[in-house]
Amino acid sequence: MLAWVCGNVCVWKPSEKTPLCAVACQNIISEVFEKNGIPEGVCGLITGGREVGEWMAADPRIPLVSATGSTRMGKAVGAVVGGRLGRSLLELGGNNAIIISKDADLDIAVLGAVFGAVGTAGQRCTTTRRLIIHEDIYEEVKNKLVTAYKQLKIGDPLDTTVHVGPLIDTHAVELYLKAIKQCKAEGGLFVVEGGALDGKGYESGCYVKPCIAEVENHFAIVQHETFAPILYLMRYSSIEEAIDKQNGVPQGLSSAIMTLNLREAEEFLSHSGSDCGIANVNIGTSGAEIGGAFGGEKETGGGRESGSDAWKAYMRRQTNTINYSRSLPLAQGIEFNV
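Residues numbered from 1 in each chain as written. Predicted model: local features only at pLDDT ≥ 70, side-chain atom pairs only at ≥ 80, totals over all residues. Heavy atoms only, no water.

Caption draft 1: Highlighting the environment of Gly112. Structurally, Gly112 can be placed in helix α5 (residues 106-118). Not counting residues up to four positions away in its chain, the partners in contact with Gly112 are Ile98 and Met258. (Helix = DSSP H or I, 4+ residues; strand = E, 2+ residues; numbered from the N terminus. Contact = heavy atoms within 4.5 Å.)

Caption draft 2: A look at the nonpolar core. In terms of nonpolar packing, the biggest core is built from 60 residues, with Ile100, Leu131, Leu145 and Tyr149 touching the most fellow members. Per element, the largest residue contribution to this core is 7 residues, and it comes from α5. Not counting residues up to four positions away in its chain, the partners in contact with Leu131 are Ile98, Ile100, Ala113, Leu145, Leu231, Tyr232, Leu233 and Met234. Judged by nonpolar contacts, the second largest core, of 7 residues, contains Ala57, Val65, Ala67 and Leu92. (Core = buried A, V, L, I, M, F, W, Y, C linked by side-chain atoms within 4.5 Å. Buried < 20%, exposed > 50% of the residue type's maximum accessible area, 1.4 Å probe, protein only.)

Caption draft 3: Region of the structure containing the pattern of salt bridges. Per the stated rule, a full pass over the model turns up 15 salt bridges. Measuring nitrogen to oxygen at the nearest pair gives 2.7 Å for the salt bridge that ties Asp59 to Arg61. When salt bridges that share partners are traced, they join Glu139, Lys142, Glu214 and Arg235 into one network. (Salt bridge = Lys/Arg side-chain N within 4 Å of Asp/Glu carboxyl O.)

Caption draft 4: Looking closely at the sheet that holds strand β11 (residues 254-258). Strand order in this open sheet of 7 strands is β7-β8-β9-β6-β5-β11-β12, and the pairing throughout is mixed. Each having just a single partner strand, β7 (189-192) and β12 (278-281) make up the two edges of the open sheet. For this sheet, the mean angle separating the axes of adjacent strands, direction not counted, is 25°. Sheet contacts for helix α9 (residues 262-269): β5 (96-100), β11 and β12; angle to β12, the most-contacted strand, approximately 175°. (Pairing = 2+ DSSP bridges. Axes fitted to C-alpha atoms, helices over the stretch in contact; angles between N-to-C directions.)

Caption draft 5: Examining α9 more closely. All buried positions along α9 are accounted for by Glu264, Ala265 and Phe268. Summarising the axial view, the buried residues of α9 lie within an arc of 100°, below the 170-degree limit, and thus occupy one face. Exposed positions of α9 whose direction lies more than 90 degrees from the buried face are Leu262 and Arg263. Along its buried surface, α9 packs onto β5, α8 (239-247), β11 and β12. Where α9 starts, the residue carrying a side-chain oxygen 3.0 Å from the main-chain nitrogen of Arg263 turns out to be Asn261. (Arc of directions from axis to C-beta. Polar contact = N/O pair within 3.5 Å; in protein donor to acceptor, adjacent residues only side chain to side chain.)

Coordinates in, geometry out; function isn't part of it.
Laid out in structure tokens, this is it:
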């Protein structure tokens, strides 16, 4: 949208896993443009696999590449676009955490954590991956989460009574199962077990059980973003320790603190607090930041979409000096007679 607002032509490529969604969106866009007299070609769709993205990143006719996806993908795109001195706007992975203070409203905290962790089956860049819980309330929060997970309904996402739909494909299921296996190998203790589902209603092989594991933040699997409904729990004793754990991952997209303690909230939002591009108080990592600058720091790429000044990334900057006088003023007051 920003590309069009700034007067640009847009060529966009969806994930190779969602071509039909892209065609449907393109048809809607084309109809709107046609009714408003906007010429064909202002918005163009190209579908395909990884090689198509590589062509676009390397094409000098495309001055700006805005890419959303994994950190691995972003590093490859950034290197190719930078190699031709083009510009890139990268919105990459998130390993998002919620800090739950002993001064939190636990009803809000648990609801935010469950929605953030299992909404869209954990397939959001802002999905809650980690819960950092104060030691005084750790067991209480854990028990509330276990109770909540028992109530989750898994099934057809078109059914409004369902909480958790499928993963995007069976490869995503394999990555989910691999992450669970690695977590257990590193010492993770699952308080809600995971696993793939089969049988009636789950014939696609893409349905899995949201799960919860007690872990340490330094585990290799915890440092990695798994695009699936796996939630990691860990304890803390001081707000400084909690913030260190929150920041102690390579990614820096979304973060949140649940607290009624004003000093804790202000510290979390300060220069010594969350190092993420999004920092929320008493709302989860998958919050209502629509209209805000969306993006993150570190391996999340540093780019921003939306927000008050994100449009600048889609514009070229030009300096103009216009002389209205009958003489030519020279720089530094130099006298140059010819």
